[in-house]
Amino acid sequence: MSEKIKEDNFIAERGVQLAVHSPLLRARQTCDGMLGCCDEGGNEEQHRAPGRPEAIQLPCLAEKTLSEWIPGNNGPMLGRIGDFETWLSGREEQVVAVVGHSQYFKAMLGLPFKFGNCEVWRLEFDPNRCINGRESSISNGSAEEKKDDVDGGVDGEPLIKVLPRGWRNLKNVYRCPL
């Protein structure tokens, strides 16, 4: 996948301005391998190849903990998701690459499926529709405008899904052929 991203000049073509990743080792390694940048964890140490964006490690992107797998105990992860959305709402960058974990993204987006390893998905976030990690009650859009084509269905068929809290236009960009 790393070679395909480099071959397609993904960073420049998509205009990636910032990369953020979970503090877990596998997410840091994925960010470094696929995007050429990694924050080594709060000690001002960055690995960044020439022409690559800055990377920031965010604890709120951490995968589900063992206790969060217990049914009904997803509050801490939902809190981290709210923290991430609030953090993202305060950023000036328009294109941010986020490297995290499938269960986190499944919960954040309310999806019936989880992303595969090393897949790349594109989506948009409207901070004006997300206030403190919650859907804003202020909306000029109709319910029809909130529908999103979620590319991830069987045999390339799009799934129609209403995404939560300001998220929209979820599309699969790369699938890892493992």
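Quick caveat: nothing in here was measured; it's all calculated off a predicted structure. (Residues numbered from 1 in each chain as written. Predicted model: local features only at pLDDT ≥ 70, side-chain atom pairs only at ≥ 80, totals over all residues. Heavy atoms only, no water.)

A look at the confidence of the model for the protein chain
Argument step 1. Looking at the protein chain as a whole, the pLDDT averages 82, with 78% of positions reaching at least 70.
Argument step 2. Highest mean pLDDT in the protein chain belongs to strand S5 (residues 96-99) (96); lowest belongs to helix H6 (residues 143-146) (39).
Argument step 3. The low-confidence segment residues 133-149, where pLDDT is below 50, has 35 contacts with residues more than four positions distant or belonging to other chains. (pLDDT = per-residue confidence, 0-100. Helix = DSSP H or I, 4+ residues; strand = E, 2+ residues; numbered from the N terminus. Contact = heavy atoms within 4.5 Å.)

Focus: the environment of Glu-85
Argument step 1. Mapping Glu-85 onto the fold places it in helix H4 (residues 75-89).
Argument step 2. Accessibility expressed as a relative area gives 0% for Glu-85, which makes it buried.
Argument step 3. For Glu-85 and Asp-126, which are 41 residues apart along the polypeptide, the C-alpha to C-alpha distance reads 9.9 Å. (Buried < 20%, exposed > 50% of the residue type's maximum accessible area, 1.4 Å probe, protein only.)

Structural notes on the pattern of salt bridges
Argument step 1. Scanning the model with the defined rule gives nine salt bridges in all.
Argument step 2. Here Lys-4 makes a salt bridge to Glu-7, at a shortest N to O gap of 4.0 Å. Of the two residues, Lys-4 and Glu-7 are both situated in helix H1 (residues 2-7); the distance of three residues between them amounts to about one turn of the helix.
Argument step 3. Residue Glu-7 is classed as exposed on the basis of its relative accessible area of 63%.
Argument step 4. Note that Glu-124 and Arg-168 form a salt bridge whose closest N and O atoms lie 3.2 Å from each other. Residue Glu-124 is found in strand S6 (residues 120-125), and its partner Arg-168 is found in strand S11 (residues 167-174); the two are separated by 44 residues along the sequence.
Argument step 5. Under the relative-accessibility criterion, Glu-124 is labelled partly exposed at 29%.
Argument step 6. One salt-bridge network, held together by shared partners, links Arg-122, Glu-124, Asp-126 and Arg-168. (Salt bridge = Lys/Arg side-chain N within 4 Å of Asp/Glu carboxyl O.)

A word on the layout of surface pockets
In this approach, a probe sized like a water molecule rolls over the atoms, and the result shows the empty space that is left.
Argument step 1. Of the volumes computed, that of the largest pocket is approximately 1,200 Å³.
Argument step 2. As for the largest pocket, its lining consists of 42 residues, and the residues nearest its centre are Val-96, Ala-97, Val-98, Trp-121 and Leu-123.
Argument step 3. Elements with a contribution of two residues or more to the lining of the largest pocket: helix H2 (10-14), helix H3 (25-35), H4, S5, helix H5 (102-109), S6 and S11.
Argument step 4. Looking at side-chain class alone, the lining of the largest pocket contains 25 nonpolar, eight polar and nine charged residues. (1 Å grid on protein atoms, 1.4 Å probe; cavity = no way out; pocket = protein on both sides within 12 Å on 5 of 7 lines; lining within 4 Å. Points joined across faces, edges and corners; volume = space filled by probe spheres on them. Nonpolar A, V, L, I, M, F, W, Y, C, P; charged D, E, K, R; others polar.)

Side note on the environment of Val-16
Argument step 1. Inspection of the secondary structure assignment puts Val-16 in the loop between H2 and strand S1 (18-21).
Argument step 2. Distance in space between the C-alpha atoms of Val-16 and Val-96 is 5.7 Å, their sequence separation being 80 residues.
Argument step 3. Those residues within four positions of Val-16 in sequence are excluded, and the remaining contacts are Phe-10, Ile-11, Pro-53, Val-95 and Ala-97.

Let's talk about the side chain of Ser-102
Argument step 1. Within the fold, Ser-102 resides in helix H5.
Argument step 2. With near-sequence residues (within four places) excluded, Ser-102 lies in contact with Glu-63, Lys-114 and Phe-115.

Observations concerning the sheet that holds S1
Argument step 1. Spatially, three strands are ordered S4-S1-S5 in an open sheet, and the strand pairing comes out parallel. At either margin of the open sheet sits one strand with a lone partner, and together these are strand S4 (54-57) and S5. Here the average twist between neighbouring strands, direction ignored, is 20°.
Argument step 2. By the bridge criterion, four bridges tie S1 to S4 in an arrangement that is parallel. Note that in S4 the partner of Val-20 across the bridge is Ile-56. (Pairing = 2+ DSSP bridges. Axes fitted to C-alpha atoms, helices over the stretch in contact; angles between N-to-C directions.)

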